[in-house]
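Coordinates in review
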Amino acid sequence: MAFEARARVLDTEDLSRIIRRIAHEILERSKGSDDLALVGIRTRGVFLARRLGKMIEEIEGKPVAVGALDISLYRDDVATRGASSIGVTEIDLDTNDKKVVVVDDVLYTGRTIRAAMDAIMDFGRPQVIQLAVLVDRGHREVPIRADYVGKNVPTSGNEKVKVSLEEIDGVDMVEIGEER
Amino acid sequence: MNEDVNGHRHLLAIADVDRDFIISLLDSARSFAEVSTRPIKKVPALRGRTIANLFLEPSTRTRISFELAAKRLSADVISFSRTTSSISKGESLKDTAKTLVAMGVDAVVIRHSSAGAPKMLTGWVDCSVVNAGDGMHEHPTQALLDLFTMRERLGHLEGLKVAIVGDIDHSRVARSNIQALNKVGAEVLLVAPRSLLPERIEEMGVDITGSLEQALEWCDVLYLLRIQLERVEESRFPSLREYTLQYGLTKPRWQNLKRKPLVMHPGPMNRGVEIESSVADEVESVITGQVTAGVAVRMAVLYELLGGSHG
Amino acid sequence: MDEGILIKGGRIISFPGGLRGEADVLVRGGVISRVERGIMPSGEEVIDASGCLVTPGLVDLHAHLREPGMEYKEDVASGSRAAVCGGYSAVFCMPNTEPAIDNSSVAEYVFDRGVDEGLCMVLPHGAITQGRRGEALAPMGEMGSCRAHVMGFSDDGNPLVDSEIMRRAMEYARSMGALIISHSEEKSLSAGGQMNEGYYSTFLGLRGMPAESEQIGVYRDLCLAEKTGARLHLAHLSTAGSVELVRTFKRRGIPVTCEVTPHHFSLNDSELLSYDTSLKMNPPLRSAANVEALLEGLADGTIDAIATDHAPHALHEKETEFDAAEFGVVGLETCLALVVTKLVETGVLSIEDAISKLTAVPARIMEMERRDYRARIQEGDPANLVVVNPEIEWTIDPLVFKSRSRNTPFAGWKVRGKVLHTIFRGRMVVQDGELVMRPPGVNEEDKTIVPTAASGRGAGEGG
């Protein structure tokens, strides 16, 4: 199957504006970067979390903890869809009493975030867990909502949102289209 | 890894898998090793799955390792063993298999004294089968955890020089390791008197020497096998004392080495026989590391079989 | 009531001589009454044998019919049915029963069971030692002079460990005019063995049985035969070394004969990769090089006969761990097809040589003229005949075996050469590949046809 793009919803500049805005929103809501921890969900959430971390460091002048989370082992559909290869989880930060912001590229059914919260709970007891996503495309199957949204993109069920990031795809953009 | 006609995946022998499988399994084992370092050493990946440990030959370490691996993946584990089950009353393997099918298990981990029993079992059950050691045939997860340990400690497998010392003839660990090491491009040298080597083992792609000194000069990894007293009764060698003299990793041998190889052992060690106690103390961390690696590798295997990426 | 049978248009194989031209064979009153071209039917049952071979009924030197004692595997009745479907007119059965065939009453029991069944001759071999324990000699003379006229003696699966006892047994057998049949194996070398020792046993982690174990046994038995002058028949040879030893000793004029089985010349030890227990037998399947040597031995005449070593086992004895599975395969119903497919079609043996090793040679080894069996198709001979179509391809299906057991590695094999009709003492026992059933009780008449063997057995230095 190949992805066939119908429209570009975000480009490079949109992406950098969104990162800057969400960084400010996080800092505003968290009252600074103390006790803050960003956890990206593999694969693209990790790069978005690192960008947010870098932006927050620029604004606040001090580093913020960033981790990576592979949620394969927490999925509720391993039996039916089969597992992909397992990435390494790197949460060498203490999440106890931290304000954890989970970062992902696309918020869709919400199941990935549900699995991510289970995983984070296994690492400690955060003070609060928040969610930042680049795109919210709707169609939730569990009661989850994002605290920080780059862009709401209404879609139909058979459409697909494709996020490309410089770090792995060579270019920053978000497209909407169909798998053919 | 074989997939049968019903789509069940099995790990029966290193002979059945290729290099890519081994490497990708070692990669994912690294992620599973990380799970064991977490405060909550458990992930829900195999929640609701049932794994039967069918250990028809005495084994504590491998059984516990598989049990822990299954539990850390949130699978339910049931255990049959020679002494606690009706198998000791003469129930046939086939009848045991039918019982397991009726219980609806998702995988069977089998240890058996008869070579080929795991393969035979695949014909009788409707689930995945993992070979946890069958007779003198294979012990694939042991080889995988050994390769994992070598790679973590030495950084690579290709071109690695591995000497395996001891009772190769009776060793399923040796058979699995020889094949796994060959597949990933390592070199294998067997060190044993001819009376402890099986017929035509050279054709499995190994060199042979009777000299431990020669092997010590050459190897990056020295893999010692457990030697058993009953082999003396079989006239495989004259006495444990003579074995130690010829093939034991003694203090003088160890001290004389300028370049010390990584010393490994599948456990449990016979201190004073294949390895002198003080040398064992020195190298113990590697051997206990093998045990830790065992859990991670077995998690990776169970996950691959029961949740694994098809196609 | 006997209208006779007329077999029309088949090619005749008869010994001595071998392949004859096409001829019709008229069977009447239990004997062959005419052999010539263009016999016109006059009320007989007519069999169209065009494209087929008409050969003497086959003789198996080596089968295990399991009765008495292990009837759940096979009995004389089921074994006889399997035999005739495989084209046999005579089956020699091994004494490893429970109790062993080590005295005249057990021998007569087995023999009579065969007569009751009336499908083919069931001829017991006797044990060399009492209870096959390898200690005290069994009464060969008594068994030889009983109704069963036992002539071959073997402890089969329990080869005599004690060479002194083997020597005395040979000496004694010689005086009886009897034949010693040896499963030659030096057990101390093969103890615990599950398969041939070689690369595959190493690869599979199964305990090996080295070729030398057989060869040391063969050499000992040949030496003792040379010393004692006894007639020796070596059962189921499987190694190149054994064939070479026999070749050497035959050249020296030692009266030794030997046999191979279809499984040993059709399969090699690489098949064991499947851990299929139907491939477990003793002697084990050997390496491809050994199989080559067996084929050579067959071609140059070193190997005299082909025997089945038909060894039935119940399903549960094979559907188990390899180490725990019984040794042996069934063979009566597949032997001829494997001979045609693996020896004749491949050019190892001509069809007449192949049939000779299944009829004339075993008949000579067991002196079967005394039992009124001749591997000859000639007027006046008892009518023990098989009609075989050597061209028909068929698939081996153990589910239709008449044997009580199904332990064959050849299931699903496409083979050539099918037994269409078997005639035993003038009566059709297999027609169009199917057993001819007779109402119970009719067999009684056969009891009158008990062979009238020479009675002088037991005196003088026979052989």
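Above: the structure in question.
One structure accompanies this document, and this report is about it. Treat the numbers as computed from the prediction; the structure is a model and nothing was measured.

1. Description of the packing of helix α1 (residues 12–30) of chain A against helix α2 (residues 44–60) of chain A
Residue and element names in this part refer to chain A. Two numbers describe how α1 lies on α2: the axes approach to 9 Å, and their chain directions differ by 65 degrees. The interaxial crossing formed by α1 with α2 has right-handed handedness. Across from L15, I19, R20, I22, A23, H24, I26 and L27 in α1, the residues of α2 making contact are L48, R51, L52, M55, I56, I59 and E60. For the contact of α1 with α2, a count of residues per class yields 11 nonpolar, 1 polar and 3 charged.

2. Focus: unusual backbone geometry
Residues and elements named next belong to chain C. Omega for the bond connecting F15 with P16 falls within 30 degrees of zero, at -5 degrees, which places this linkage in the cis form. Within the secondary structure, P16 is located in the loop between β1 (5–14) and β2 (18–28). The backbone phi angle of R66 is positive, close to 70 degrees, even though this residue is not glycine. Within the secondary structure, R66 sits in the loop between β6 (58–63) and α1 (76–85). A residue is classified by how much of its surface remains accessible, and R66, at 6% relative accessible area, is buried.

3. Let's talk about the packing of helix α8 (residues 240–251) of chain C against helix α10 (residues 288–299) of chain C
Residue and element names in this part refer to chain C. In the contact formed by α8 and α10, the axes pass within 8 Å of each other and the chain directions differ by 30 degrees. Looking at the two axes, α8 sits roughly parallel to α10. Contacts between α8 and α10 involve A240, V243 and R247 from the first element and N290, A293, L294, E296 and G297 from the second. Class assignment of the residues belonging to the contact of α8 with α10 gives a composition of 4 nonpolar, 2 polar and 2 charged.

4. Describing the sheet that holds strand β7 (residues 161–165) of chain B
Residue and element names in this part refer to chain B. Sheet architecture is open: 5 strands sit in the order β9-β8-β7-β10-β11, paired in parallel fashion. Looking at which strands have only one partner, the edges of the open sheet turn out to be β9 (207–209) and β11 (262–264). For this sheet the average axis-to-axis angle between neighbouring strands, irrespective of direction, equals 25 degrees. Strand direction decides the pairing type here: β7 and strand β8 (residues 187–191), joined by 5 bridges, are parallel. The partner of K161 across the bridge, within β8, is E187. Along the sheet face, helix α5 (residues 140–154) touches β7, β10 (221–224) and β11 and points at about 160 degrees away from the line of β11.

Conventions we followed
- Residues numbered from 1 in each chain as written.
- Chains lettered and ligands numbered in written order.
- Predicted model: local features only at pLDDT ≥ 70, side-chain atom pairs only at ≥ 80, totals over all residues.
- Heavy atoms only, no water.
- Axes fitted to C-alpha atoms, helices over the stretch in contact; angles between N-to-C directions.
- Helix = DSSP H or I, 4+ residues; strand = E, 2+ residues; numbered from the N terminus.
- Left-handed = near helix turned anticlockwise from the far one by under 90°.
- Contact = heavy atoms within 4.5 Å.
- Nonpolar A, V, L, I, M, F, W, Y, C, P; charged D, E, K, R; others polar.
- Buried < 20%, exposed > 50% of the residue type's maximum accessible area, 1.4 Å probe, protein only.
- Parallel < 35°, antiparallel > 145°, perpendicular 65-115°, else oblique.
- Pairing = 2+ DSSP bridges.

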